[in-house]
Structure formats: structure tokens, C-alpha cells
Amino acid sequence: MLDRGLRATFRNFSTLFFVVAIVLVPLNLVVTYVYRDAVRVREIETQIREFETEEILGVDADRLDEADRARTIVLLAELLLLSVFLGAARKVFDDDDAGLVPKASTALARGVVRPRLAPFLGAPGVTLSAAVLAGLVWLLLSRIGDIASEALYDEAAWAGVGLVRGLAFAISLPFLLGPVAYGSLGVKGVPPGEPTS
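How each quantity is defined
- Residues numbered from 1 in each chain as written.
- Predicted model: local features only at pLDDT ≥ 70, side-chain atom pairs only at ≥ 80, totals over all residues.
- Heavy atoms only, no water.
- Salt bridge = Lys/Arg side-chain N within 4 Å of Asp/Glu carboxyl O.
- Helix = DSSP H or I, 4+ residues; strand = E, 2+ residues; numbered from the N terminus.
- Buried < 20%, exposed > 50% of the residue type's maximum accessible area, 1.4 Å probe, protein only.
- Core = buried A, V, L, I, M, F, W, Y, C linked by side-chain atoms within 4.5 Å.
- Contact = heavy atoms within 4.5 Å.
- Polar contact = N/O pair within 3.5 Å; in protein donor to acceptor, adjacent residues only side chain to side chain.
- Axes fitted to C-alpha atoms, helices over the stretch in contact; angles between N-to-C directions.
- Parallel < 35°, antiparallel > 145°, perpendicular 65-115°, else oblique.
- Left-handed = near helix turned anticlockwise from the far one by under 90°.
- Patch = residues over 30% accessible without salt bridge, like charges linked within 9 Å, V, L, I, M, F, W, Y side chains within 5 Å.
- Areas by Shrake-Rupley, 256 points an atom, 1.4 Å probe, with all protein chains shown as cover.
- pLDDT = per-residue confidence, 0-100.

Colleague: Would you take a moment to explain the pattern of salt bridges for this structure?
Modeller: A pair can form between side chains of opposite charge whenever their charged atoms are brought close. What the rule picks out here adds up to six salt bridges. With a shortest N-O distance of 3.2 Å, D94 and R90 are connected by a salt bridge. Here D94 pairs with R90, and both are found in helix α6 (residues 82–97), just four residues apart, close to one helical turn. Among the residues examined, R90 registers a relative accessible area of 17% and is labelled buried. Between D146 and R143 there is a salt bridge; the shortest N-O distance is 3.9 Å. Separated by three residues within a single helix, D146 and R143 lie in helix α9 (residues 124–149), roughly one turn from each other.

Colleague: It is not clear to me how the nonpolar core should be interpreted in this structure. Could you clarify?
Modeller: In terms of nonpolar packing, the biggest core is built from 34 residues, with F85, L173, L176 and L177 touching the most fellow members. Considering each element in turn, this core owes the most residues, eight residues, to α6. When sequence neighbours within four positions are dropped, the list of residues in contact with L173 reads V20, L24, L82 and F85. Core analysis: the next-biggest nonpolar cluster, separate from the first, contains nine residues, V31, V41, V59 and L64 among them.

Colleague: Could you clarify how one ought to interpret the environment of R36 in this entry?
Modeller: Tracing the backbone shows R36 in helix α3 (residues 36–40). Along the chain, R36 and A8 lie 28 residues apart, while their C-alpha atoms are 39 Å from each other. In terms of polar contacts, R36 uses its side chain to reach the backbone carbonyl oxygen of Y33, at 2.8 Å.

Colleague: Which parts of the structure should I look at to understand the packing of helix α2 (residues 13–34) against α6?
Modeller: How two helices pack is summed up by the angle between their axes together with the distance between the axes. α6 packs onto α2 with a crossing angle of 150 degrees between their chain directions and a minimal axis gap of 10 Å. Comparing the axis directions of α2 and α6 gives the class roughly antiparallel. The two elements α2 and α6 meet at a crossing, and its hand is right-handed. Facing T15, L16, V19, V20, V23 and L24 of α2, the residues of α6 in contact are F85, A88, A89, V92 and F93.

Colleague: Would you take a moment to explain a nonpolar patch on the surface for this structure?
Modeller: The grouping of V30, Y33 and V34 at the surface amounts to a nonpolar patch, some 270 Å² of accessible area in total. With respect to the element layout, Y33 can be found in helix α2.

Colleague: Whenever I open this one, the confidence of the model for the chain confuses me. Can you help?
Modeller: Detailed reading of the predicted model is not advised wherever pLDDT is low. The pLDDT averaged across the chain works out to 84; a share of 90% of its residues lies at or above 70. Per-element confidence in the chain ranges from a low mean pLDDT of 71 for helix α4 (residues 45–50) to a high of 94 for α2.

Colleague: Can you walk me through the side chain of N28 in this structure?
Modeller: Locating N28 in the fold gives a position in helix α2. Once you skip the residues sitting within four places of it in the chain, N28 turns out to touch V74, E78, G162, R165 and G166.

Shown next, in the form of C-alpha cells:
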């Protein structure tokens, strides 16, 4: 099932990518913009935390803690949005199965109206395998992106960091959403879009 789900995911990857990117890239960019001062000093964060009473470039330990709390809230929001994204992925596969061209905006609208959570629990083996794969892709992209964003000068660092965070999720989540949504389809045994007889 995971193999078929991944084949269906690769066939519809661009649509699944945009479904996630439309929401998570702007969300991460807004948060990093609000805390751009904390992002600017990310390379000396340890030193700032050691000198709790002093500011470096206008940032103190309290501001770093505030930025950490904001990142945690964003992460929780991203986890809560998984049910919306799964509903959207299901719409992508339904349209593909019907011979239509899946659209990210239509799929996202369906996901908002009809979020899905049960498929995550329906096939725990597929969900766990897909989650591990998506996690590895996210980790790899995050590390590469962090290294690449270090080249940006301090005033623009927030844009690079926010873009990396949003894109890492937008590229990795389809590897979770695709197999799980595919497993919830009514027609089993063939990838969506292929004839059943």
C-alpha cells in the first residue's frame, strides 16, 4: 500500500506541494518577520542566553524565549492543519481518479470544509512508515536550508529562515499525506487515475 501511495504521490506531487505551501510558507514568513531581530542573532543565541541581563543587537534572553514560544505555537498549528491537508490530499486523488486535473485551491477548499483525521489511524503501518519518510525528508531539507540561509545578510535572514521552514514542510508533508490519503480511497489495488478493469 505504501508503494502504491508513493507512486500516486509522485504523480500528484506538485499539487500536494502547493496545497501545503499556500498555507505554511506565508505562516512561517510572518512569524520570522515578527521575530526578525531574534532570527538576526541566531548564530550567537547561546551567548545571549548566558548573559541573561544584557542585550546584543537589541535582543535579550527574554526575546529569544518569546520567539521560541511563537515557533512552538506555529508547530502546533501546523500539526492541527494536518487534518485539513489530508482532506485536501483526498480531493486531489479523487479528482485524479475521475480523470480531472487536480487544483490546489479546490483541494484546499475541500480540506477546510471536510478535514479528515481517521485515515491516519486507519492503517497505522502505512501512517508510521510515511511519517518516518516525511520526517527524514524534512530533516534533510531543514539542514540544507539552514546552511544556505546563513549566507544571507542579517537584515534579510528572517526571509531565508521563514522560507526554508515553510518549504521544508511543503516538500516533506506530501510524503505523509499522499500514502495516507491514498489508503483511504474506496478503490484499492491500483493507483488513482488508472483503470480498475
